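Below, each chain spelled out in residue letters.
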Amino acid sequence: MSEKVDQLLHARWVIPVVPENQILEHHSLAIKDGRIHAVVPTEQAESRFQAEQERSFPGHALLPGLINAHTHAAMSLLRGLADDLPLMTWLNEHIWPAEAHWISEEFIQDGSQLAIAEMLLGGTTCFNDMYFFPDVTGRAADAAGIRAVLGLIAIDFPSVWASSGDEYLHKGLQVHDQYRNNPLIHTAFAPHAPYSVADEVLARIQVLADELEIPVHIHLHETNDEILHSQQHYSVRPMARLQRLGLLTPALMAIHMTHLEADEISAFAATGAHVVHCPQSNLKLASGFCPLTRLLDAGINVALGTDGAASNNDLDMFSEMQTAALLAKGVSGDASTLPAAKALSMATIHGARALGLEHETGSLEVGKSADLICVDLQPVQTQPVYNPISQLVYAAGREQVQHVWVAGRHLLNERSLTTLDLHRLMTRASYWQQRIAST
């Protein structure tokens, strides 16, 4: 007698990611109650299962949804506002003044929805955010059905979201309480950076993170200016300061990490903390090169992120994988550095580990949430296919993502978003462009 499941997906290739570099040809995925029920050869699946919905993808790859481990989602509305500038000039003279003038719940709602639409269309099923009004971004993510980790932002200067360190933390804890029972929405403390958050606030964040058992997400060792600032004001480099405050733990996600000394890499590895590599943003802002090969060789878990659309200028994890792989080869002088399968792992299971969600997402394993994407490898730019993982990283584009599921829910069907009104989002983006450009 056939076993009943909700969905049965047959594909030319299934790429589970765990184990790394495994390619299952002519395999099928059975989904039941929003979770992966089985991954078996198609011939076996057809005789074993009876599904309410059954689909075949004869020239496609099924793989885990991509995890964007560092975003500022609502900044999609500031895309292209100030380009070709060093980080501190970009922040101090353009982005922070624009945010002070324009940030509101309405701005965050529209910007987050625009970003979520872009991410779903590009195969991203989970994103880790850091921005103001995280509760609003949470509402947008929940409504769209995407998985998200909301950054409970903290920064020394007042904003429309909060006026002091105490208020940032108080409101962050309220957001955590609001979403703590939501299966798709998680939280992490998100102090902006060592140069923008005082010792007292950082120390309190570490205590709270330990109590709540949630991650801490912070920009770290991003630019040489940051290093010099820390040495001038605290007499130590930023990482040493965080270590002194107790923040270097397995719960820490350090974003960028482009300026590192050899002893810092070994010390960081010993803590079990994670790095999120944002190669395109680092290149565009000329922030420096993350020593990716040395981090991986030291056993550090490294995930991938796009950063915000104001500094990237997109939320495209396919191009991020390719850039990470190519940049690592160029920096190391070794063409075998960061092979395609490792780049794909960084964009999936490594991101899940950094976020503390590896039990739930990041790979196609039985029992995990059915967060997956279907990529069409039949177009001319990905033909012929000798190795689908190589094609995904080095040749495919995000426009080849045909379907997206999160917890078994179909969020992108034949390139059409099922939970978002794309026409309305485009209208709202135009509205904000006209308002912001007029000033």
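Right, let's walk through the structure included here.

Quick notes on the rules
- Residues numbered from 1 in each chain as written.
- Predicted model: local features only at pLDDT ≥ 70, side-chain atom pairs only at ≥ 80, totals over all residues.
- Heavy atoms only, no water.
- Pairing = 2+ DSSP bridges.
- Helix = DSSP H or I, 4+ residues; strand = E, 2+ residues; numbered from the N terminus.
- Contact = heavy atoms within 4.5 Å.
- Salt bridge = Lys/Arg side-chain N within 4 Å of Asp/Glu carboxyl O.
- Phe/Tyr/Trp six-rings, centres within 6.5 Å; stacked < 30°, edge-to-face > 60°.
- Buried < 20%, exposed > 50% of the residue type's maximum accessible area, 1.4 Å probe, protein only.

Regarding the pairing of strand S1 (residues 3-14)
Part 1 of the reasoning: Pairing geometry for S1 and strand S4 (residues 49-64), over 10 bridges, is parallel. Bridge pairing in S4 links Val 5 to Ala 51.
Part 2 of the reasoning: Strand direction decides the pairing type here: S1 and strand S2 (residues 24-32), joined by 7 bridges, are antiparallel. Bridge pairing in S2 links Trp 13 to Glu 25.

Some thoughts on the environment of Leu 152
Part 1 of the reasoning: Among the secondary structure elements, Leu 152 is positioned in strand S7 (residues 147-154).
Part 2 of the reasoning: When the C-alpha positions of Leu 152 and Val 17 are compared, they lie 30 Å apart, and in sequence the two are 135 residues distant.
Part 3 of the reasoning: With sequence-adjacent residues up to four places away left out, Leu 152 is seen in contact with Gly 172, Val 175, His 176, Thr 187, Ala 188, Phe 189, Ala 190 and Ile 214.

As for the pattern of salt bridges
Part 1 of the reasoning: Tallied over the entire structure, the rule returns 20 salt bridges.
Part 2 of the reasoning: Put simply, Arg 424 and Asp 110 hold a salt bridge, and the shortest N to O gap is 3.7 Å. Of this pair, Arg 424 sits in helix H16 (residues 422-437) while Asp 110 sits in helix H3 (residues 105-121), and the two are 314 residues apart along the sequence.
Part 3 of the reasoning: Each of Arg 79, Glu 118, Asp 316 and Arg 398 takes part in a single network of salt bridges with overlapping partners.

Some points on the sheet that holds strand S3 (residues 35-41)
Part 1 of the reasoning: The 8 strands are arranged S3-S2-S1-S4-S13-S14-S15-S16 in an open sheet whose pairing can be described as mixed. Each having just a single partner strand, S3 and strand S16 (416-417) make up the two edges of the open sheet.

Brief notes about the packing of aromatic side chains
Part 1 of the reasoning: Tallying each qualifying case throughout the model produces 7 aromatic pairs.
Part 2 of the reasoning: Aromatic side chains Phe 57 and Trp 405 sit 6.3 Å apart centroid to centroid with 70° between the ring planes, which places their arrangement in the edge-to-face category. With Phe 57 in strand S4 and Trp 405 in strand S14 (residues 401-406), this pair connects stretches of sequence that are 348 residues apart.
Part 3 of the reasoning: Judged by its relative accessible area of 4%, Phe 57 falls in the buried class.
Part 4 of the reasoning: When the ring of Trp 96 is compared with that of Phe 157, the centres are 5.1 Å apart and the planes differ by 65°; the resulting orientation is edge-to-face. Of this pair, Trp 96 sits in helix H2 (residues 87-102) while Phe 157 is found in the loop between S7 and helix H5 (165-179), placing the two residues 61 residues apart along the sequence.

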